[in-house]
Amino acid sequence: MSTMDQGPHHGWHQGPYLGTDIAGLMHATRAEARRVMESSKGDLVTDHEAILDRLQTAELISGDEARTLLDLYRIGFEAGEGKGDAQRAFFESRSIYDRMAASGTASPVALVVASAAVGSFEVSPGDDGSTTVTIARQSYGSSLAGIGAGIGALIGGPAGATLGGAIGGLIGGIVDEKKDKKK
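Residues numbered from 1 in each chain as written. Predicted model: local features only at pLDDT ≥ 70, side-chain atom pairs only at ≥ 80, totals over all residues. Heavy atoms only, no water.

J.: It is not clear to me how the packing of aromatic side chains should be interpreted in this structure. Could you clarify?
T.: For any pair of aromatic rings, geometry is given as the distance between the ring centres together with the angle between the planes. Scanning the entire structure with this criterion turns up three aromatic pairs. Between Tyr73 and Phe77 the ring centres are 6.2 Å apart and the planes differ by 20°, which places this aromatic pair in the stacked class. Of this pair, Tyr73 and Phe77 both sit in helix 3 (residues 63–80), four residues apart, which is roughly one turn of that helix. Ring geometry for Phe90 versus Phe91: centroids 5.0 Å apart, planes at 65°, classification edge-to-face. Among the residues examined, Phe90 registers a relative accessible area of 8% and is labelled buried. Among the residues examined, Phe91 registers a relative accessible area of 38% and is labelled partly exposed. Three or more aromatic residues joined by ring pairs make a cluster, and in this case those are Phe90, Phe91 and Phe121. (Phe/Tyr/Trp six-rings, centres within 6.5 Å; stacked < 30°, edge-to-face > 60°. Helix = DSSP H or I, 4+ residues; strand = E, 2+ residues; numbered from the N terminus. Buried < 20%, exposed > 50% of the residue type's maximum accessible area, 1.4 Å probe, protein only.)

In structure tokens form, the structure reads like this:
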């Protein structure tokens, strides 16, 4: 039985699937990302809602965490679309992540998805010594971190979720970098 079998958990098989390596996890994350994105017809907020719903259904994150993670995603998405100040959005996102991490009750999956949201921002020194914060327009880092965390958790529990989320966030960051270079 593969980790992608259809079933009551919105497409993700419940239970660990052993024997998958990092390359397999990366492939599964990319394949699931394509499937989710095609089904939502490019609406990234809808993508992210669907991903968080799956993670919540699989009991990998709580309802409160799903709402917080969606808020985090919207903050970054709006900043990337020019509807909000990127620097303010970065600090707000980092503050939300810090509160989750310090709570001691956040799930590993929620933390890795929140971390990817913060990681979607790029902080660099400006020419005049000031801090410049940017974020890719329509960032895929957070969405792919959620997909990777979900797949990873099903393969190997919380440790798999952390690894899968990190891999998904990395893939999303690479996608974002390539998109920015094409502009």
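J.: For this particular structure, what's the right way to read the confidence of the model for the protein?
T.: Parts of the prediction with low pLDDT should not have their coordinates interpreted in detail. When pLDDT is averaged along the protein, the result is 75, and 66% of the positions lie at 70 or above. Contacts of residues 1–19 to residues separated by more than four positions or lying in other chains number 41 contacts, the stretch itself having pLDDT below 50. (pLDDT = per-residue confidence, 0-100. Contact = heavy atoms within 4.5 Å.)

J.: I'm lost on helix 5 (residues 108–119) in this one. Help?
T.: An α-helical segment advances 3.6 residues per turn. Residues three or four places apart therefore align on the same side. With 12 residues, helix 5 extends 16 Å from end C-alpha to end C-alpha; this agrees with the ideal 16 Å at 1.5 Å per step. Among all positions of helix 5, only Val109, Ala110, Val112, Val113, Ala114, Ala116, Ala117 and Val118 are buried. (Expected span 1.5 Å × (residues − 1).)

J.: Sorry, what's going on with the nonpolar core here?
T.: Note on soluble globular proteins: their nonpolar side chains tend to be buried together. Counting 36 residues, the largest nonpolar core has Leu55, Ile61 and Leu69 as the members making the most contacts within it. Sorting the residues of this core by element identifies helix 2 (44–57), helix 3, helix 4 (86–103), helix 5, strand 2 (131–135) and helix 6 (141–182) as the ones contributing at least two each. At eight residues, the largest contribution of residues to this core is made by helix 3. (Core = buried A, V, L, I, M, F, W, Y, C linked by side-chain atoms within 4.5 Å.)

J.: Is there a simple way to explain the pattern of salt bridges in this structure?
T.: When the charged atoms of two side chains with opposite charge come close together, those side chains can pair. This model, assessed by the stated rule, comprises two salt bridges. Between Glu49 and Arg74 there is a salt bridge, with the nearest N and O atoms lying 3.7 Å from each other. Here Glu49 is found in helix 2, whereas its partner Arg74 is found in helix 3, with 25 residues between them in sequence. Judged by its relative accessible area of 34%, Glu49 is partly exposed. Here Asp64 and Arg67 are joined by a salt bridge, their closest N and O atoms 2.4 Å apart. (Salt bridge = Lys/Arg side-chain N within 4 Å of Asp/Glu carboxyl O.)

J.: Quick question: what am I supposed to make of the side chain of Ser93 here?
T.: Considering the arrangement of structural elements, one finds Ser93 in helix 4. If sequence neighbours within four positions are ignored, Ser93 has contacts with Leu72, Ile75, Val118 and Phe121.

J.: Help me out: how do you make sense of helix 2 in this one?
T.: Counted at 1.5 Å a residue, the expected span for helix 2 with its 14 residues is 20 Å, and the 20 Å between its end C-alpha atoms agrees. Here helix 2 has its buried residues at Leu44, Val45, Asp47, His48, Ile51, Leu52, Arg54 and Leu55.

J.: What is the right way to read the environment of Glu59 from this model?
T.: Topologically, Glu59 is positioned in the loop between helix 2 and helix 3. Among the residues examined, Glu59 registers a relative accessible area of 72% and is labelled exposed. Measuring from C-alpha to C-alpha, the distance between Glu59 and Ser107 comes to 9.8 Å, with 48 residues separating the pair along the chain.

J.: What is the right way to read the pairing of strand 1 (residues 121–125) from this model?
T.: Moving residue by residue along a regular strand, the side chains alternate between the two faces of the sheet. Two strands pair when backbone bridges link them, and strand 1 and strand 2 are joined in this way by five bridges, in the antiparallel orientation. The residue bridging Ser124 from the neighbouring strand is Thr132, located in strand 2. Counted between consecutive antiparallel strands, the loop separating strand 1 from strand 2 contains five residues, among which Gly129 sits at a positive phi close to 90°. (Pairing = 2+ DSSP bridges.)

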